[in-house]
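Structural features, examined
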Amino acid sequence: MKIHVMILLILVISGCATQSEELQGPHTVSRVIDGDTLVLDNTERVRLSGINTPEKGECYNEEAKKKLEALVLGKSIYLETDTTNKDKYDRLLRYVYTDNKLVNIELVKGGYARVFDRYKDDTKRYEELKAIEKSAIDSKLGLWSCEKNECAYIGSKNSKIYHLPDCKFAKRIAKDNQICYKTKEEIPEGLKPC
């Protein structure tokens, strides 16, 4: 309990938490699933609230996962609840603290994560995260340095289906198998939309 109070005091002094917030922990991180999801030693899954990291196959996915591992894997962490307790996958939605840092902010600051705008009304630290994200974008850090996809549609060498670039199935096509179509007119006859 003394450690919990000491961490809370450090966070209050540093401006990362207010005295009214109750931190849960300590917990130990046993596994990192990806850049924004981890597993505690009690098998509970935690989704870092307010942020989103690149998915598998997307630019900067591996770097985001490795950064989260470096920040939390095997370490004691403390959790702060967001507006909503759990997501649709039954993962805890939390702000994660370790080594006197708010991990969610560290990932945005370094360009490993973007702010999850879709849930801005359900994210109590949204404005704070957006201000930090702007700095990462302006500096072209991490995922903000990735080249934008110039394709209007994406096909696969192994399929007769084409996709919009943000389609979850398009993101699963290996780079070596992708075919880029800049206009609908470039799509060969016989291919069907996803």
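Residues numbered from 1 in each chain as written. Predicted model: local features only at pLDDT ≥ 70, side-chain atom pairs only at ≥ 80, totals over all residues. Heavy atoms only, no water.

1. Remarks on the packing of aromatic side chains
Here a ring pair, both rings aromatic, is described through the centre-centre distance and the interplanar angle of the planes. Enumeration over the complete set of coordinates arrives at 3 aromatic pairs. With 4.9 Å between their ring centres and 80° between their planes, Phe 116 and Tyr 119 make a pair best called edge-to-face. Under the relative-accessibility criterion, Phe 116 is labelled buried at 19%. Classification of Tyr 119 by relative accessible area gives partly exposed; the value is 36%. When the ring of Tyr 153 is compared with that of Tyr 162, the centres are 5.6 Å apart and the planes differ by 90°; the resulting orientation is edge-to-face. What makes Tyr 153 buried here is its relative accessible area of 18%. (Phe/Tyr/Trp six-rings, centres within 6.5 Å; stacked < 30°, edge-to-face > 60°. Buried < 20%, exposed > 50% of the residue type's maximum accessible area, 1.4 Å probe, protein only.)

2. Quick word on the pattern of salt bridges
Applying the stated criterion to the full structure yields 13 salt bridges. Put simply, Lys 171 and Glu 58 hold a salt bridge, and the shortest N to O gap is 3.3 Å. One end of the pair, Lys 171, is in the loop between β10 (161-163) and β11 (178-181); the other, Glu 58, is in the loop between β4 (51-52) and α2 (61-72), with 113 residues separating them in the sequence. Overall, Lys 171 belongs to the partly exposed group, its relative accessible area being 32%. For Glu 58, a relative accessible area of 24% puts it in the partly exposed group. Note that Asp 99 and Lys 75 form a salt bridge whose closest N and O atoms lie 3.0 Å from each other. Of this pair, Asp 99 sits in the loop between β6 (92-98) and β7 (101-102) while Lys 75 is found in the loop between α2 and β5 (76-86), placing the two residues 24 residues apart along the sequence. (Salt bridge = Lys/Arg side-chain N within 4 Å of Asp/Glu carboxyl O. Helix = DSSP H or I, 4+ residues; strand = E, 2+ residues; numbered from the N terminus.)

3. Re the confidence of the model for the chain
Chain-level pLDDT for the chain is 88 on average; 88% of the residues reach the 70-or-more range. Across residues 1-9 the pLDDT falls below 50, and counting only partners more than four positions away or on other chains, this stretch makes 12 contacts in the model. (pLDDT = per-residue confidence, 0-100. Contact = heavy atoms within 4.5 Å.)

4. Examining the sheet that holds β10
Reading across the sheet, the 4 strands line up as β11-β9-β10-β12 and stay open at both edges, with mixed pairing between neighbours. Only two strands of the sheet have a single partner each, and these edge strands are β11 and β12 (192-193). Bridge count between strand β9 (residues 153-156) and β11: 4 bridges; the pairing is antiparallel. By the bridge assignment for β11, Tyr 153 is matched with Tyr 181. (Pairing = 2+ DSSP bridges.)

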